[in-house]
Amino acid sequence: MVSSHRVVDYIVGHLAANGVSHLFGVDGANIEDLYDAAYFRDDIIAVLAKHEFSAATMADGYSRSGAGIGVVAATSGGGCLNTVPGLAESLASRVPVLALIGQAPTTLDGRGAFQDTSGANGSLDGHALFSAVSVYCRRVLAPADILTALPEALAAARTGGPAVLLLPKDIQQAELGDPGTRNGRAVATGTGARHSDLGALEQALRHADGPITIIAGEQVARDDARGELERLRATLRARVATVPDAKDVAGTPGFGSSSALGVAGVMGHPGVSVAAAQSALCVVVGTRMTVTARAGLDGALESVPTYSIGAHVPHVPCAHIHSDDLRVSLTQLSAALSGPGRPTQVRVPDVAPRTELRPPAHDGPGIRYRDAMAVLDQTLPDGTDLVIDAGNIGASAIHYLPARRDGRFMVALGMGGMGYSFGAGIGMTFHRASAAVTASGDPRRTVVIAGDGSFFMHGMEIHTALQYRLPITFVLFDNHAHAMCVTREQLFYDDRYSYNRFGPSRLGAGLAAMFPGLPAYDVADIGQLPRALGMALDTDGPSVLSVECSADEIPPFAAFLATDSTPSSSEENKTHVTARA
């Protein structure tokens, strides 16, 4: 009979007691005891992915959806190495994730063990490797060490980023005794939230003489501070822009909010930089403002007084106020600026026109990106969660497709790894779909938007969605290429060649044949799209819609549209967009 006093039993019990309901991974010899421990619990579900990168993005998407810390588990060797790009995304985007990495038994360290990552006797050094993609990394070498290592790892992850525990198999299996915290009786680890004094920001806002522009970011979503942000905006009569991976945190043009400027950055709306330049003061809320998010804004933010509030210092010159919880800080700020403290010189700016980037017209075969996004906008109900992948289609969705009311809009721009959306959408759905219906009474559904290049990398996770009968629809835009790379070949290398085009495919028909019971459709004409999309959405479990489009259409991406009026430069064209972005 399996003991219930093992190290792995303590791990799953402590996680469950700290609010973790799911862990994502791929099983294997050096992590199987963790799955065994999870089997005996009713309060934690161990989800089996098809690939460890996707398991890591499931944990990332689960965390970004508001569930708290996402947990990924992987076995040794190639299994754990596959998690590295997913953890790197979580590090770059400051997403709280815990990685439980199995290793060969300590008795075989440096003795030629299969998949040895102990670092001993010339073996690969797992601690050095994972330390580079985490905010905390510890190799557990004695059973009792887990009593301090696990709480430390959770606390470190809560500061924003992955924490990694390296767990040799003999340590996992070791008897721990009864530390009084197993079986769900652990005391939840405190967040230790820190908040700096808001006085300087209060004074700056109180004395601002003119319009105020707020640029809101991903921490607003993570802290679920949308309501608090809106109260501050109303108090200041400000206009709000968002960074691409926080598109759902502010009012959306077309949903009755004239204050919403749209998206900042290289895939965003040029009016954002115009509004910022005309402001008396700019406030950056909950984002570090990476180059992708601030393209075209550097000049405005340098010339206008700029303040930041959030957990991390931005990459732009500003006065920064630290806040680990924006719900608390924004509430305090709104209260301080209300009543007698209300700013008297802020002005309601003119209604900002919705501005768009203007790619050149394309009349080749396939459905146009903008037309497809218009159909999605008309069809997707409130409460739909959107997860967007990299590439030309990702840029189009960010630029053209509004977030749904009461729905998340998730995009990974930390590392921009292709295929992220498949795992992240599944992780999000495990959490979000547990709230069975949306505010309108409809079943909540996740929609993943990805290109065929991303599908060929990690699209087999569609089978995972089918296995767990998740309410998720995968909309695959099939342009038979790494289309953003094709565009770069055409624009920057004189269209001399193309390494980046694929042979033809029919993804809908192929997936329907591969996975019996999966509703999957191919669409080649815009007139067919509304009905096919409706059928894909009207299903209890997962579904797939493959949309034929063209690799030769240039997306709304400022680096490809460099003119005097767009936020781009020749330097940005070459440097801030990688060849596979």
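Provided above is the structure to which this section pertains.
All of these numbers come straight from a predicted model, not from anything done at the bench.

**Some thoughts on helix α18 (residues 420-432)**
In a regular helix each residue adds 1.5 Å, so 13 residues correspond to 18 Å; α18 covers 18 Å between its end C-alpha atoms and thus fits that length. In terms of burial, α18 is largely enclosed, as twelve of its 13 residues are buried. Considered for burial, the residues of α18 that qualify are Y420, S421, F422, G423, A424, G425, I426, G427, M428, T429, F430 and R432.

**Re the sheet that holds strand β15 (residues 446-451)**
Hydrogen bonds between backbone groups are what pair the strands of a sheet, and the pairing can be parallel or antiparallel. Reading across the sheet, the six strands line up as β14-β13-β15-β16-β18-β17 and stay open at both edges, with parallel pairing between neighbours. Looking at which strands have only one partner, the edges of the open sheet turn out to be β14 (409-411) and β17 (520-523). Geometrically, the sheet is characterised by an average inter-axis angle of 15° between neighbouring strands, direction not taken into account. By the bridge criterion, four bridges tie β17 to strand β18 (residues 543-548) in an arrangement that is parallel. Bridging from a neighbouring strand, D522 pairs with S546 of β18. Along the sheet, α18 contacts β13 (385-388), β14, β15 and β16 (472-478); its crossing angle with β15, the most-contacted strand, is approximately 175°.

**Some remarks on the packing of aromatic side chains**
One pass over the structure, following the stated rule, counts eleven aromatic pairs. For the pair F430 and Y468, a centre-to-centre distance of 5.4 Å together with 75° between the ring planes defines the contact as edge-to-face. Placement of the pair is F430 in helix α18 and Y468 in the loop between α20 (461-467) and β16, with a sequence separation of 38 residues. We classify F430 as buried; its relative accessible area is 12%. Overall, Y468 belongs to the partly exposed group, its relative accessible area being 26%. Among the aromatic residues, those joined into a cluster by ring pairs are F422, F455, F456, F474 and F502.

**Quick notes on the sheet that holds strand β6 (residues 162-168)**
Here six strands make up an open sheet; going across it, the order is β2-β1-β3-β4-β6-β5 and the pairing parallel. Every other strand in the sheet has two partners, leaving β2 (45-48) and β5 (136-139) as the edge strands with one partner each. Taken over all neighbouring pairs, the strand axes of this sheet differ in orientation by 20° on average, direction set aside. Taken together, the four bridges between β5 and β6 define a ladder with parallel strand orientation. Pairing of R138 across the sheet is with L165, part of β6. Where helix α3 (residues 52-67) meets the sheet, its contacts fall on β1 (22-25), β3 (70-74) and β4 (97-103), and the angle it forms with β3 comes to roughly 165°.

Reading the values: the criteria
Residues numbered from 1 in each chain as written. Predicted model: local features only at pLDDT ≥ 70, side-chain atom pairs only at ≥ 80, totals over all residues. Heavy atoms only, no water. Helix = DSSP H or I, 4+ residues; strand = E, 2+ residues; numbered from the N terminus. Expected span 1.5 Å × (residues − 1). Buried < 20%, exposed > 50% of the residue type's maximum accessible area, 1.4 Å probe, protein only. Pairing = 2+ DSSP bridges. Axes fitted to C-alpha atoms, helices over the stretch in contact; angles between N-to-C directions. Contact = heavy atoms within 4.5 Å. Phe/Tyr/Trp six-rings, centres within 6.5 Å; stacked < 30°, edge-to-face > 60°.

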